[in-house]
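As a plain string of letters, each chain reads:
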Amino acid sequence: MTTEHDTAAPPVKGGAAPGRPPAGASAEAAKKRARLSRRWQRDMRWSPYAFVSPFFLLFMAFGLFPLIYTGWASLHQVELTAPTDMNWVGLKNYTRIFDDDFFWNAAKNTLTIGIISTVPQLLMAMGLAHILNYKLRASTFYRVVMLAPYATSIAAASLVFVLLFGRDYGMINWVLGLVGIDNIDWQNDHWASQLAVSSIVIWRWTGYNALIYLAAMQAIPQDLYESAALDGASRWRQFLHVTLPSLRPTILFTVIVSTIGASQLFGEPLLFDANKGASGGSQHQFQTLGLYLYEQGWVNQHLGRASAIAWTMFLILIVIGVINSVISRRLRASS
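The structure presented is a predicted model; accordingly, all values stated were derived computationally and were not measured.

About the thresholds
- Residues numbered from 1 in each chain as written.
- Predicted model: local features only at pLDDT ≥ 70, side-chain atom pairs only at ≥ 80, totals over all residues.
- Heavy atoms only, no water.
- Helix = DSSP H or I, 4+ residues; strand = E, 2+ residues; numbered from the N terminus.
- Buried < 20%, exposed > 50% of the residue type's maximum accessible area, 1.4 Å probe, protein only.
- Core = buried A, V, L, I, M, F, W, Y, C linked by side-chain atoms within 4.5 Å.
- Contact = heavy atoms within 4.5 Å.
- Expected span 1.5 Å × (residues − 1).
- Arc of directions from axis to C-beta.
- 1 Å grid on protein atoms, 1.4 Å probe; cavity = no way out; pocket = protein on both sides within 12 Å on 5 of 7 lines; lining within 4 Å.
- Points joined across faces, edges and corners; volume = space filled by probe spheres on them.
- Nonpolar A, V, L, I, M, F, W, Y, C, P; charged D, E, K, R; others polar.

A.B. asks: Explain unusual backbone geometry here, please?
C.D. replies: Among all residues except glycine, the phi angle is most often negative; among peptide bonds, the trans geometry is most common. Although it is not a glycine, His 284 adopts a positive phi angle of roughly 55 degrees. Residue position: His 284 is located in the loop between helix H11 (267-272) and helix H12 (289-299). Given the relative accessible area of 17%, His 284 is considered buried.

A.B. asks: Help me understand the nonpolar core in this model?
C.D. replies: Grouped together as the largest cluster of nonpolar side chains are 17 residues, with contacts concentrated most on Met 126, Ala 129, Tyr 213, Met 217, Ile 220, Val 242 and Leu 247. Counting only elements with at least two residues in this core, the list comes to helix H3 (101-132), helix H7 (190-218), helix H8 (222-230) and helix H9 (235-246). With residues near it in sequence (within four places) discarded, Leu 247 still touches Met 126, Tyr 213, Ala 216, Met 217 and Ile 220. Among the nonpolar cores identified, the runner-up in size contains twelve residues, and Ala 192, Ile 200, Val 201 and Leu 265 belong to it.

A.B. asks: Explain helix H4 (residues 139-151) to me, please; I cannot follow it from the model alone.
C.D. replies: Every α-helix winds through 3.6 residues per turn, so residues three or four apart in the chain are directed the same way. Helix length check: H4 (13 residues) gives 19 Å between terminal C-alpha atoms against 18 Å at 1.5 Å per residue, within 8%. Those residues of H4 that fall on the buried side of the exposure criterion are Ser 139, Met 146 and Pro 149. Looking straight down H4, one finds that the buried residues subtend no more than 85 degrees of arc, so they occupy a single side. Facing away from the buried side of H4, by more than 90 degrees, are the exposed residues Thr 140, Phe 141, Val 144 and Ala 151.

A.B. asks: Can you walk me through the layout of surface pockets in this structure?
C.D. replies: Empty space among the atoms becomes visible once a probe the size of a water molecule is rolled across them. The computed volume of the largest pocket comes to approximately 450 Å³. What lines the largest pocket is a set of 24 residues, among which Gly 114, Ile 115, Thr 118, Thr 259 and Ala 262 lie closest to the centre. Where the lining of the largest pocket is concerned, the elements lending two or more residues are H3, H9, helix H10 (248-263) and helix H13 (303-334). Of all the elements, H3 adds the most residues to the lining of the largest pocket, at ten residues. Partitioned by chemical class, the residues of the lining of the largest pocket number 18 nonpolar, six polar and no charged. Estimates place the volume of the second largest pocket at around 380 Å³. Lining the second largest pocket are 19 residues, with Thr 70, Leu 293, Ala 306, Ser 307 and Ala 310 positioned closest to its centre. Of all elements in the fold, only helix H1 (23-73), strand E2 (82-88), H12 and H13 reach the threshold of two or more residues within the lining of the second largest pocket. In terms of residue count, H13 provides more of the lining of the second largest pocket than any other element does, eight residues in total. For the lining of the second largest pocket, the residue count by class is 16 nonpolar, three polar and no charged.

So far we have only geometry, and geometry alone does not tell us how the molecule works.
Shown next, in the form of structure tokens:
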């Protein structure tokens, strides 16, 4: 009687069961993983800078370089006919500007037009936003209508207002004549011309600021209004004691932005009296700093003086920004 013993067959080299990888292949895979890891780390570190680099390139080309160049040109005597010929004069352009009565006249006009246009504009914007904050039919339509003046061209708006403020055939004088008021020479009178220019600014920017106030009002919690209503507060008291305190940062923002815009006012006064051009009227009665800069640089062809005016306006805006920062900190501290 014989006994059969089953014996396992020896593993066949290169069969279905994988063998142990060689040491060289494992080291090569580890190096590959290390290279991919380093590449991933570099991508995560530098790709955000690559995404934002177009902005910085455009800013350097159209923002930083002109700023530095105008600062350098403001220290030289440069003419528009020969912009490469520069004669060093130091701070003479700045001292000459501050001794120029036309500069101070432009600064005063910029201040008065800014006040006349900013204060009514923001008050009207606040009132319109308060009305639109309640549920109204076709509220989207009203918001689009308020934003339409902001989207309108400055040239088109100024042309319409020139026709409205015409001395002999303007609609404004026609309406005033109905109540017994004589025709007003809106383009040549000092205060009347500034009021007319301010009306263009008010018409264009009231709706824009109203939408900013409306967005801020809709972010106020309704619980505050409900608590005030339970305490017996009327809608006017709710506006004074709930809405206005909540809108203090937004109001400060609109005041600063409107102030900056008023200091750079250019298109409206330039087109209001196209015959006088950059002089701002027959007696410079509504010439702003922007018009004065344009007159010195492109009419009188004094690029050095125009550069000094531009840097002076830039320093004024820096002062406004510092004041904004101080007021914002105090408001945050008080709240």
